[in-house]
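One-letter residues, chain by chain:
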Amino acid sequence: MKPDELDIHLLIEGLYHRYGYDFRNYAPASLKRRIQNFLRTEGIATVAELQAQALSDRACAGRLLLGLTVNTTAMFRDPSFYVAFRQRVVPLLRTYPFFRIWHAGCSTGQEVYSMAILLQEEGLYPRCRIYATDANDRVLQIAQQGIYPYKQMQDYTQLYLKAGGQRTFSEYYTANYDNVILRPALRERIVFGEHNLVTDGSFNEFNVIICRNVLIYFNQTLQNQVHELFYNSLCKFGILGLGKQETIRFTKYETAYEDLAKAEKLYRRRN
């Protein structure tokens, strides 16, 4: 093991044993890149120096956690996914008197609210409960508030329209200086909570699980572990939605699902 790899290994092991943050099975290249970015941001010279600070200063460890977790998101990100969800999943959800959706790794919440809007427009929102979880409590606080920069709304409006939006997007928020506040009605059926895909188990049975653009940052061992968690958390004929670069291929659950919308990585669990 090279000296820099050894330092990163010791840092990751230290974070796990000191705080319970488990990055041991994250993709090494992505992890190394994020640590280097954090060193530059914090003005810390070496990984060894970072380890000493992070293990003695919980505030530093919290900032590092934020830097190591992936929080890139947008409302109606990959709009074709939402088009496929309307066309292929919504008709199935109409057959349920009540259904549960789990947004795993929800980050700052934009995609959770996107789903709430879609379900409102399809007349299904009162029938559902959406569980939005993330391992990082700081991004969960942002998600719970539903407050986002106003400058993002033009881009979000275009994505909403491409995703098959049926109304005027501005109906869903109120402008407040440089930010917008999403309508409180969008939060009525959402439960936000901490859940770590690396260390935590199943906590309910779901009709739909959405986890997009998270698994690509895990190595194969951890991906398999999370796929097992999702499979065990889905009801029969439940729906799994992944990101464009993610797949169930090459996992032991490859044959446990059928393609619902192959290009959009929407799968349906077999009986």
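Chemist: A description of the overall build of the protein should follow, citing residues and the corresponding values.
Modeler: In terms of regular secondary structure, the protein is built from 9 helices and 10 strands. The C-alpha atoms of the protein give a radius of gyration of 19 Å, which matches the 18 Å a tight globule of 271 residues would have. Along the longest, intermediate and shortest principal axes, the C-alpha atoms of the protein span 55 × 50 × 30 Å. Sequence separation of at least 24 residues holds for 76% of the intrachain contacts in the protein that already meet a minimum separation of 6. Split by element, the accessible area of the protein, about 12,900 Å² in all, is 48% carbon and sulfur.

Chemist: Any chance you could break down the packing of aromatic side chains for me, citing the residues and the numbers?
Modeler: Each aromatic ring pair is described using two quantities: the centre-to-centre distance and the angle formed by the ring planes. The final tally for this structure, using the stated rule, is 22 aromatic pairs. With centroids separated by 6.2 Å and ring planes inclined at 70°, the aromatic side chains of Tyr 160 and Tyr 172 adopt a geometry described as edge-to-face. Placement of the pair is Tyr 160 in helix 8 (residues 153-162) and Tyr 172 in the loop between helix 8 and strand 4 (173-176), with a sequence separation of 12 residues. Here the two residues Tyr 160 and Tyr 172 agree in accessibility, since each one is buried. In this structure, Arg 212 packs its charged tip against the face of Phe 81, placed 4.1 Å from the ring centre. Above the face of the Tyr 231 ring, Arg 269 is positioned so that its terminal group lies 4.0 Å from the ring centre.

Chemist: Which residues make up the pattern of salt bridges, and what values do they have?
Modeler: Throughout the structure, instances matching the rule amount to 9 salt bridges. A salt bridge links Arg 86 to Glu 121; the shortest N-O distance between them is 2.7 Å. Residue Arg 86 is found in helix 5 (residues 79-93), and its partner Glu 121 is found in helix 6 (residues 110-121); the two are separated by 35 residues along the sequence. With a relative accessible area of 11%, Arg 86 lands in the buried category. Of the residues examined, Glu 121 reaches a relative accessible area of 9% and is grouped as buried. Glu 111 is the salt-bridge partner of Arg 212, the closest N and O atoms lying 2.8 Å from each other. Of this pair, Arg 212 sits in the loop between strand 7 (206-211) and helix 9 (220-233) while Glu 111 sits in helix 6, placing them 101 residues apart in sequence. Residue Arg 212 shares its accessibility class with Glu 111, and that shared class is buried.

Chemist: Go over the sheet that holds strand 3 (residues 147-149), please, and point to the residues and values.
Modeler: If you walk across this open sheet you meet the 3 strands as 3-5-4, and the pairing is antiparallel. In the strand order of this sheet, the two ends are held by strand 3 and strand 4, each with one partner. With direction set aside, neighbouring strand axes in the sheet form an average angle of 30°. Inspection of the sheet shows strand 3 paired to strand 5 (residues 179-182) by 3 bridges, in the antiparallel sense. What sits directly across from Pro 149, in strand 5, is Asn 179.

Rules and cut-offs
Residues numbered from 1 in each chain as written. Predicted model: local features only at pLDDT ≥ 70, side-chain atom pairs only at ≥ 80, totals over all residues. Heavy atoms only, no water. Helix = DSSP H or I, 4+ residues; strand = E, 2+ residues; numbered from the N terminus. Rg over C-alpha atoms; globule rule 2.2 N^0.38 Å. Contact = heavy atoms within 4.5 Å. Areas by Shrake-Rupley, 256 points an atom, 1.4 Å probe, with all protein chains shown as cover. Phe/Tyr/Trp six-rings, centres within 6.5 Å; stacked < 30°, edge-to-face > 60°. Buried < 20%, exposed > 50% of the residue type's maximum accessible area, 1.4 Å probe, protein only. Lys NZ or Arg CZ within 6 Å of the ring centre and 35° of its normal. Salt bridge = Lys/Arg side-chain N within 4 Å of Asp/Glu carboxyl O. Pairing = 2+ DSSP bridges. Axes fitted to C-alpha atoms, helices over the stretch in contact; angles between N-to-C directions.

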